[in-house]
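Residue-level structure breakdown
Here is what each chain is made of, one letter per residue.
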Amino acid sequence: MEKLTLKEWHRKQAVDTFNKTWDLIEKKDRTKEDALEMIHTAHASRFHWGQIGEPLHFARGEWQLSRVYAILNMSESAMFHGKQSLELCLEHNITDFDLAFAYEAVARAYSVKNDERSMQEYYDLAQRAGQQILKKEDKEYFISELNSIKLRSRA
């Protein structure tokens, strides 16, 4: 068995639980048990990053929590974590992909809340931030994710 330092162990847990959460996010036939596990793994990932990470990790963890809660139609929790992600990005000058997705998280949370006006405001902010994403593949992925909010809100 490999011997890890405490920092290495926290990092491994953070990455493993983030990836497990992502698998559950993408799962098509998610059960009630899967939904609960998705909440727990997202919080676990954010906790472990909180022990050893930097603001970028915190912002991504908060974004993932927001996405989980948006998927589960829990608008207050989605909003709380989306705004945490956005505040971290703004406070620590985190830009590009992460800033765009932080705005996307808040827009998605407003969509879940059925607040069309506020959703549109943050959607527009996300769209503007998305234009600043440098890598073409990242920008295309972001735009496809952002557009899924519009589709949802008009469904």
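We now turn to the structure provided with this report. Keep in mind the model is a prediction, meaning the values are calculated, not measured.

1. Some points on the packing of helix α1 (residues 6–26) against helix α2 (residues 32–52)
Taken N-terminus to C-terminus, the directions of α1 and α2 make an angle of 150°; their axes are 8 Å apart at the nearest point. Here α1 lies roughly antiparallel to α2, going by the angle between them. Between α1 and α2 the crossing geometry is left-handed.

2. Overview of the nonpolar core
One recurring pattern in soluble globular proteins: nonpolar side chains tend to sit buried together. The biggest cluster of nonpolar side chains holds 39 residues, and the ones touching the most others in it are Leu86, Tyr103, Tyr122 and Phe142. If you list the elements that add at least two residues to this core, you get α1, α2, α3 (55–71), α4 (75–91), α5 (96–112), α6 (116–130) and α7 (136–154). Here this core gets 11 residues from one element, more than from any other, and that element is α5. In contact with Tyr122, not counting residues within four places along its chain, are Leu86, Tyr103, Val106, Ala107 and Tyr110.

3. Structural notes on α6
In this model α6 runs 20 Å from its N-terminal to its C-terminal C-alpha over 15 residues, within 8% of the 21 Å that 1.5 Å per residue would give. The complete set of buried residues in α6 reads Ser118, Met119, Tyr122, Tyr123, Ala126, Ala129 and Gly130. Buried positions in α6, seen along its axis, are confined to an arc of 135° and lie on one side of it. Exposed and facing more than 90 degrees away from the buried side of α6 are Arg117 and Arg128.

4. Points about the layout of surface pockets
Of the pockets and cavities examined, the largest pocket occupies roughly 370 Å³. Taken together, 18 residues form the lining of the largest pocket, with Phe18, Arg60, Trp63, Phe97 and Asp98 sitting closest to its centre. If you list the elements that add at least two residues to the lining of the largest pocket, you get α1, α3, α4 and α5. Classifying every residue of the lining of the largest pocket gives 12 nonpolar, four polar and two charged. The calculated volume of the second largest pocket comes to roughly 170 Å³. What lines the second largest pocket is Trp22, Ile25, Glu26, Lys27, Lys28, Arg30, Arg67, Tyr141 and Glu145. Of all the elements in the fold, those that place two or more residues in the lining of the second largest pocket are α1 and α7. Sorting elements by how many residues they give to the lining of the second largest pocket places α1 first, with three residues. Across the lining of the second largest pocket, the residue classes break down as three nonpolar, no polar and six charged.

5. Description of the packing of α3 against α4
Here α3 crosses α4 at 160°, and the two axes come no closer than 7 Å. One way to sum up the angle between α3 and α4 is to call them roughly antiparallel. Regarding α3 and α4, the two cross each other, and that crossing is left-handed. Along the contact surface, α3 presents Phe58, Ala59, Glu62, Trp63, Leu65, Ser66, Tyr69 and Ala70, while α4 presents Ser77, Ala78, His81, Gly82, Gln84, Ser85, Leu88 and Cys89. Its residues assigned to classes, the contact of α3 with α4 shows nine nonpolar, six polar and one charged.

6. Structural notes on the pattern of salt bridges
Throughout the structure, instances matching the rule amount to 10 salt bridges. In this structure, the salt-bridge partner of Glu62 is Arg46, at a minimum N-O distance of 3.0 Å. With Glu62 in helix α3 and Arg46 in helix α2, this pair connects stretches of sequence that are 16 residues apart. Across this residue pair, the class does not change: Glu62 and Arg46 are buried. Here Glu121 ties to Arg117 by a salt bridge, and the two come within 3.9 Å at their closest N and O atoms. Separated by four residues within a single helix, Glu121 and Arg117 lie in helix α6, roughly one turn from each other. Given the relative accessible area of 39%, Glu121 is considered partly exposed. Each of the salt bridges in this network shares a partner with another, and the network as a whole consists of Arg67, Glu104, Arg108 and Glu145.

The rules behind each value
- Residues numbered from 1 in each chain as written.
- Predicted model: local features only at pLDDT ≥ 70, side-chain atom pairs only at ≥ 80, totals over all residues.
- Heavy atoms only, no water.
- Axes fitted to C-alpha atoms, helices over the stretch in contact; angles between N-to-C directions.
- Helix = DSSP H or I, 4+ residues; strand = E, 2+ residues; numbered from the N terminus.
- Parallel < 35°, antiparallel > 145°, perpendicular 65-115°, else oblique.
- Left-handed = near helix turned anticlockwise from the far one by under 90°.
- Core = buried A, V, L, I, M, F, W, Y, C linked by side-chain atoms within 4.5 Å.
- Buried < 20%, exposed > 50% of the residue type's maximum accessible area, 1.4 Å probe, protein only.
- Contact = heavy atoms within 4.5 Å.
- Expected span 1.5 Å × (residues − 1).
- Arc of directions from axis to C-beta.
- 1 Å grid on protein atoms, 1.4 Å probe; cavity = no way out; pocket = protein on both sides within 12 Å on 5 of 7 lines; lining within 4 Å.
- Points joined across faces, edges and corners; volume = space filled by probe spheres on them.
- Nonpolar A, V, L, I, M, F, W, Y, C, P; charged D, E, K, R; others polar.
- Salt bridge = Lys/Arg side-chain N within 4 Å of Asp/Glu carboxyl O.

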